[in-house]
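Close look at the chain arrangement
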Amino acid sequence: MAKVIGAVVVDSEVCKGCNLCVVSCPTQTLGLNRDVNSKGYHYSYMENPENCIGCSNCSSVCPDSCIAVYRVKVE
Amino acid sequence: MAEIAERLKNIIRPENLIYGKSPLLNEVTMHYCPGCSHGVVHKIIAEVIDDMGIQDSTIGVSPVGCAVFAYNYIDIDWSEAAHGRAPAVATGIKRISPEKTVFTYQGDGDLAAIGTAETMHAVNRGENIVMIFINNAIYGMTGGQMAPTTLLGQVTSTTPYGRNVDLNGYPLKITELIAQLPGAAYVTRQSVHTPAAVRKARKAIRKAFELSQKNIGTCFVEVVSTCNSGWKLTPVESNDWMVKHMFPLFPLGDLKDGGKDATEPFNIQG
Ligand SMILES: Cc1ncc(C[n+]2csc(CCOP(=O)(O)OP(=O)(O)O)c2C)c(N)n1
Ligand code: SF4
Ligand code: SF4
Ligand code: SF4
Ligand SMILES: [Mg+2]
């Protein structure tokens, strides 16, 4: 059966660490980084990259449009 | 580790990109506080304008309030209006250039306090514009003062003990008033706190833009929003607070749909 896997790329310099993407992810893929960006924000990143299904939930609620979502079908 | 890196390399390729930043959003970081609803609504508006292919024929009117710099973020033509006067400015633009799609973007202080007269009269005239109303129940820009939309009991910098009816009157449900006006074509209330809500709000804003090209009256979209800085909550807590306290007073859904009232009941010429 075809399975969908995904990945996101967060523009870590634009991210403000608001956490809205983290709580909207149905697969607990995302987390806020312990490191900060140049503005001092704990930017979002894939804490559990193997979980991502490329559903775009995170990106759709991001106020700063800093998440790009990728998705592929695998057999 | 190497396995995961290899897997990511295969997924993160241009041909697999399914969603990202709208091409109509400029390459600048928005000045909004982390998690502010304004950014989400800007994004939706940019996506709608891009999807409709009307980038070159759309004119926005930005308010006074936190969204005063909206013109820096969405790559279309803009005018900036004095506080509360966006509907009057949009009226002038639309009447001179009826072929353009014209919208205002206003906060609750702008649209429902200082600009109440402009708001009500523009809609009552049935101006063929879209009005996007960001209701965050507070004056965000100036430091979190009470707005007409502030809830009873809500603490703001000017209602430190909570809004009190005897002192401050009732929260104004201006969208309900707008829906009564014969000039209103489409009046709806949306939010952007979840992926599903964002999808619905995008659909509603698209519908408003499309209807506004049919010259059937004013299209009005309220977005119940958060101002986490003004509310002194985290962005995630703010969404929960909004669902719990704002939605009962400002329920989501359409209030009017069908074009401005066709009949002229009070026209003495029949
Ligand atoms: C004529 C005038 N009166 C008052 C102000 C001060 N002022 C600036 S923004 C604002 C209210 C903004 O609140 P809102 O429209 O709700 O926007 P928000 O920042 O919450 O998005 C006020 C009262 C002003 N700039 N001009
Ligand atoms: S929603 Fe956007 S700005 Fe907020 S933490 Fe996630 S990526 Fe960063
Ligand atoms: S695309 Fe979906 S699964 Fe992947 S991180 Fe975003 S919300 Fe989570
Ligand atoms: S003050 Fe409130 S409305 Fe203004 S940017 Fe900050 S969170 Fe948004
Ligand atoms: Mg406001």
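Anyway, here's the lowdown on the structure attached to this text. (Residues numbered from 1 in each chain as written. Chains lettered and ligands numbered in written order. Predicted model: local features only at pLDDT ≥ 70, side-chain atom pairs only at ≥ 80, totals over all residues. Heavy atoms only, no water.)

1. Focus on the coordination of the magnesium ion (ligand 5)
Residue and element names in this part refer to chain B. Condition: Donors, by definition, are the N, O and S atoms found within 2.8 Å of a metal, the threshold being 3.2 Å for Na, K and Ca, and water is not counted, so a site can look incomplete. Think of it this way: any DSSP run of H or I at least four residues long counts as a helix, any run of E at least two long counts as a strand, and we number them from the N terminus. Exposed residues in this analysis have more than 50% of their type's maximum accessible area, buried residues have under 20%, and partly exposed residues fall in between, with area computed by a 1.4 Å probe over protein chains only.
Looking at the magnesium ion (ligand 5), one finds its protein donor set to be Asp 108 (OD), Asn 136 (OD1) and Ile 138 (O), positioned 2.0 to 2.2 Å from the metal centre. Site description for the magnesium ion (ligand 5): donor spacing in sequence, D-x27-N-x1-I. With Asp 108 in helix α4 (residues 108–114) and Asn 136 in the loop between β5 (130–135) and α6 (165–168), this pair connects stretches of sequence that are 28 residues apart. Taking the relative accessible area as the measure of exposure, Asp 108 reaches 2% and is therefore buried.

2. What about the site of ligand 4?
All names here are of chain B. The following threshold applies: Definition of nearness: a residue and a molecule or strand are near each other if at least one heavy atom of the residue lies within 4 Å of the molecule or strand. Points on a 1 Å grid, built from protein atoms alone, make a cavity when a 1.4 Å probe fits but cannot get out and make a pocket when they are open with protein on both sides within 12 Å along at least 5 of 7 lines; residues with an atom within 4 Å of a point are the lining residues. To be counted as sitting in a cavity or pocket, a molecule needs more than half of its atoms within 2 Å of that site's grid points. We call Asp, Glu, Lys and Arg charged. Ala, Val, Leu, Ile, Met, Phe, Trp, Tyr, Cys and Pro are nonpolar, and the rest, Gly among them, are polar.
Residues in contact with ligand 4, as listed here, are Tyr 32, Cys 33, Cys 36, His 38, Cys 66, Asn 136, Gly 140, Cys 227, Asn 228 and Ser 229. Judged by the fraction of its atoms near the pocket grid, ligand 4 is located in the largest pocket. Per-class residue counts for the shell around ligand 4 are 5 nonpolar, 5 polar and no charged.

3. Topic: the site of ligand 2
Residues and elements named next belong to chain A. Around ligand 2, the neighbouring residues are Cys 15, Lys 16, Gly 17, Cys 18, Asn 19, Cys 21, Ser 44, Cys 62, Pro 63, Cys 66 and Ile 67. At a threshold of 2 Å from the grid points, most atoms of ligand 2 map onto the largest cavity. Looking at the shell around ligand 2 residue by residue, the classes come out as 7 nonpolar, 3 polar and 1 charged.

4. Some words on the pattern of salt bridges
Side chains that carry opposite charge are capable of pairing whenever their charged atoms lie near each other. Residue and element names in this part refer to chain B. For clarity, the threshold we go by: The salt bridge criterion pairs a side-chain nitrogen of Lys or Arg with a carboxyl oxygen of Asp or Glu, the two atoms within 4 Å.
Within this structure, the stated rule accounts for 11 salt bridges over all chains. The salt bridge involving Glu 127 is made with Arg 95; its shortest N-O contact spans 2.7 Å. With Glu 127 in the loop between α5 (116–124) and β5 and Arg 95 in helix α3 (residues 86–96), this residue pair connects regions lying 32 residues apart in the sequence. Of the charged contacts, one joins Glu 176 and Lys 173 as a salt bridge, the two residues approaching to 4.0 Å between their closest N and O atoms. Through salt bridges with shared partners, a single ionic network connects Lys 173, Glu 176, Arg 189 and Glu 222.

5. Let's talk about the interface of chain B and chain A
Note the cut-off: Throughout, a residue-residue contact means that at least one pair of heavy atoms, one from each residue, lies within 4.5 Å. Once two parts are put together, the accessible area they lose, assessed with a 1.4 Å probe and summed over both, is termed the buried area.
On the chain A side, the residues contacting the 32 residues of chain B number 34 residues. Summing both sides of the interface, chain B and chain A together bury roughly 2,600 Å²; the carbon and sulfur share of this comes to 66%. Summed over the three residues of chain B that lose the most area to chain A, namely Arg 7, Ile 18 and Tyr 19 of chain B, the buried surface amounts to 21% of that side. Linking chain B with chain A are 0 salt bridges, by the criterion used here.

6. Here we look at the environment of Ser 62 of chain B
Residue and element names in this part refer to chain B. Note the cut-off: Polar contact is the term for a pair of N or O atoms within 3.5 Å; when the atoms are in protein, one must be able to donate a hydrogen and the other to accept it, and sequence-neighboring residues count only if both atoms are side-chain atoms.
Topologically, Ser 62 is positioned in strand β2 (residues 58–62). Residues Ser 62 and Gly 109 lie 47 residues apart in sequence; the distance between their C-alpha atoms is 13 Å. For Ser 62, the residues in contact, after removing those within four places along its chain, are Ala 67, Val 68, Ala 70, Tyr 71, Trp 78, Ser 79, Glu 80, Ala 81 and Tyr 105. Within the structure, Ser 62 has its side chain in polar contact with the backbone oxygen of Val 68 (distance 3.4 Å).

What is shown is where atoms sit, not what they do.
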